[in-house]
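Here is what each chain is made of, one letter per residue.
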Amino acid sequence: MPKNLSFLSVGILFGVVMTKSEAISWYRIQEMFLFHSIHMYGIIGVAVVLGILLHQLIKRRKLNSFFGVPITIKAKPETYKASIIGGTLFGFGWAMTGACPGPLYVLLGHGAFVIIIVIISALFGTYVYGIIRDRLPH
Amino acid sequence: MIDIISQPWHWAISGVMIVVVMALLLFLGQRFGVSSSFRHVCSAVGFGKNASYFDYNWKDHLWLMYFIFGSIVGGAIASTLLNDQEPIQLSLATIEHLKELNISHPGEAQYPIDLFSIESLFTIKGIILFIGGGFLIGFGTRYAGGCTSGHAISGLSNLQLPSLVAVIGFFIGGLLTTHVLLPIILNL
């Protein structure tokens, strides 16, 4: 299967998983920040615990990708100021729109066309970040 | 089979399936992270001339564009063919809270239909939530170097301290919004 077709297929799976998990739901995000249900915490918790096992397995067994190359996982840069300030700003946007970037795209597929405006605004936000990046603490 | 998938998923199943997506991407040689797509789009439309942050070969990241196109298709499939039309089983406390904020029928769809309408884009509330919220998503995720997928799922899975700090930030912003800002904004 051509590589790009594989990514397209995994993307389709992601769209289905995000929808059926209700992680794309504005309501579920409010419920999470209100601490009214285990739903979102359960999803993220299970994903992180299994994800840790997956990463350890890949590292310890030095597993190869489907293409026979060793899997390398780049470390996140240790820019803690950027993490906390940028993270907080994103948190505001996440709770306002009820969607993080993945769900934004999935919601487009649901026909929520208001989301086009959110995505254009997000692109503008990224553009502004790119312009003033050098003047921000990282 | 279709009937089983169409039911609402238990959160544990959903968590497992997210790891399946992350694993497939790793074994395809890529890392799970969606918000960098905003940067690639800015690069693709030529903003590399305006800022060095966008000056790179975005075509090296074309895989993410295929993934995102797939996720739109996946959303369309799941919301039609795999949709059992049942309301979301929200907690009663959330339903009561949102009703007090003038949200009608919480949980009936994936999002409040009235709020997510084109008309709402011409209200102060809609402008703040969608245009302001969108801006903060794009600015904040790129500043933090990742979003829920890159930091909360991949980053924490890889025991990255910067990701834990980012996730704490996500919650500071999210909690302030849900508990303090939204009760004001939704009553505008």
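Remember, it's a predicted structure, so these values are computed and weren't measured experimentally. (Residues numbered from 1 in each chain as written. Chains lettered and ligands numbered in written order. Predicted model: local features only at pLDDT ≥ 70, side-chain atom pairs only at ≥ 80, totals over all residues. Heavy atoms only, no water.)

Considerations on the overall build of chain A
Logical step 1: A count of helical and extended segments in chain A gives six helices and zero strands.
Logical step 2: Helices (α) and strands (β) of chain A occur, in sequence order from the N terminus, as α-α-α-α-α-α.
Logical step 3: The principal-axis extents of the C-alpha atoms in chain A amount to approximately 40 × 40 × 35 Å.
Logical step 4: Considering chain A as a whole, with its 138 residues, one finds that 58% of them fall into the buried category.
Logical step 5: For chain A, contacts bridging at least 24 residues in sequence account for 42% of all contacts bridging at least 6.
Logical step 6: When the accessible surface of chain A is summed, it comes to about 5,800 Å², and 67% of that surface belongs to carbon and sulfur atoms.
Logical step 7: With 12 positive and 4 negative side-chain charges, chain A shows a spacing of 12 Å between the two charge centroids. (Helix = DSSP H or I, 4+ residues; strand = E, 2+ residues; numbered from the N terminus. Buried < 20%, exposed > 50% of the residue type's maximum accessible area, 1.4 Å probe, protein only. Contact = heavy atoms within 4.5 Å. Areas by Shrake-Rupley, 256 points an atom, 1.4 Å probe, with all protein chains shown as cover. Lys, Arg positive; Asp, Glu negative; His and termini not counted. Charge placed at Lys NZ, Arg CZ, Asp CG, Glu CD.)

Considerations on the environment of Ser71(B)
Logical step 1: Along the chain, the position of Ser71(B) falls in helix α4 (residues 62–80).
Logical step 2: When the C-alpha atoms of Ser71(B) and Gly107(B) are compared, they prove to be 23 Å apart, with 36 residues separating the residues in sequence.
Logical step 3: Once residues lying within four places of it in the same chain are set aside, the contact partners of Ser71(B) are Gly11(A), Ile12(A), Phe14(A), Gly15(A), Tyr105(A) and Val106(A).

Things to note about the interface of chain A and chain B
You'll often see interface size given as the accessible area lost when the parts meet.
Logical step 1: At the interface, 108 residues of chain A touch 129 residues of chain B.
Logical step 2: Together chain A and chain B conceal approximately 10,400 Å² of surface at their shared face, both sides included; 78% is due to carbon and sulfur atoms.
Logical step 3: Contact with chain B buries surface across chain A, with Lys20(A), Tyr27(A) and Lys76(A) losing the most and accounting together for 9% of the total.
Logical step 4: On inspection of chain A and its partner chain B, the count reaches zero salt bridges.
Logical step 5: Applying the counting rule to chain A against chain B returns 25 residue pairs in polar contact (both at pLDDT 80 or more).
Logical step 6: Of all the secondary structure elements, the ones that give two or more residues to the side of chain A that touches chain B are α1 (3–20), α2 (26–33), α3 (39–60), α4 (80–97), α5 (101–109) and α6 (114–132) of chain A.
Logical step 7: The element contributing the most residues to the side of chain A that touches chain B is α4(A), with 17 residues. (Buried area = accessible area lost by both parts, 1.4 Å probe. Salt bridge = Lys/Arg side-chain N within 4 Å of Asp/Glu carboxyl O. Polar contact = N/O pair within 3.5 Å; in protein donor to acceptor, adjacent residues only side chain to side chain.)

As for the confidence of the model for chain B
Predicted coordinates in areas of low pLDDT are best not read in detail.
Logical step 1: Counting all residues, the mean pLDDT for chain B is 96, and 100% of those residues have values of 70 or more.
Logical step 2: Our summary of model confidence lists the complex with pTM equal to 0.97 and ipTM equal to 0.97. (pLDDT = per-residue confidence, 0-100.)

What to know about the packing of aromatic side chains
Logical step 1: Following the criterion strictly, the structure yields 26 aromatic pairs over all chains and no others.
Logical step 2: Seen in terms of ring centroids, Phe116(B) and Phe130(B) are 5.0 Å apart; in terms of plane orientation they differ by 70°. Their pairing is edge-to-face. With Phe116(B) in the loop between α5 (92–100) and α6 (124–144) and Phe130(B) in helix α6, this residue pair connects regions lying 14 residues apart in the sequence.
Logical step 3: On the basis of relative accessibility, which here comes to 7%, the residue Phe116(B) falls in the buried class.
Logical step 4: Take Phe130(B): its relative accessible area is 0%, and that puts it in the buried class.
Logical step 5: On the numbers, 5.9 Å between centres and 15° between planes, the contact of Phe135(B) with Phe139(B) is stacked. Highlighted residues: Phe135(B) and Phe139(B), both in helix α6, separated by four residues, approximately one helical turn.
Logical step 6: One aromatic cluster in this structure is built from Phe124(A), Tyr127(A), Tyr129(A), Phe47(B), Tyr53(B), Phe54(B), Phe135(B), Phe139(B) and Tyr143(B). (Phe/Tyr/Trp six-rings, centres within 6.5 Å; stacked < 30°, edge-to-face > 60°.)

What to know about the domain arrangement of chain A
Residues and elements named next belong to chain A.
Logical step 1: One can read the domain layout of chain A as domain 1 (1–75) and domain 2 (76–138).
Logical step 2: A C-alpha centroid distance of 19 Å is found between domain 1 and domain 2.
Logical step 3: Contact with domain 1, which involves 14 residues of that partner, is made by twelve residues of domain 2.
Logical step 4: Together, the buried faces of domain 1 and domain 2 total about 970 Å²; carbon and sulfur atoms form 71% of this surface.
Logical step 5: Put simply, domain 1 and domain 2 have zero salt bridges between them.
Logical step 6: Between domain 1 and domain 2 we count three residue pairs in polar contact (both at pLDDT 80 or more) in total. (Domains from an automatic or database assignment.)

Some words on a nonpolar patch on the surface
Residue and element names in this part refer to chain B.
Logical step 1: Nonpolar side chains collect at one region of the surface, where Ile124, Leu161, Leu164, Ile168, Ile172, Leu176, Val180, Ile184 and Leu188 lie side by side and expose about 830 Å² of accessible area between them.
Logical step 2: Considering each element in turn, the nonpolar patch owes the most residues, seven residues, to helix α8 (residues 161–185).
Logical step 3: By the secondary structure assignment, Ile168 is in helix α8.
Logical step 4: By relative accessible area, which is 45% here, Ile168 ends up partly exposed. (Patch = residues over 30% accessible without salt bridge, like charges linked within 9 Å, V, L, I, M, F, W, Y side chains within 5 Å.)

Remarks on α2(A)
Logical step 1: A large share of α2(A) lies buried, amounting to eight of its eight residues.
Logical step 2: Structurally, α2(A) contributes buried residues whose contacts are with α3 and α4 of chain A together with α5 and α8 of chain B.
Logical step 3: For α2(A), the N-terminal cap is Ser25(A); the gap from its side-chain oxygen to the backbone nitrogen of Tyr27(A) is 3.1 Å.
Logical step 4: Just past α2(A), the residue Phe35(A) takes up positive phi, approximately 55°.

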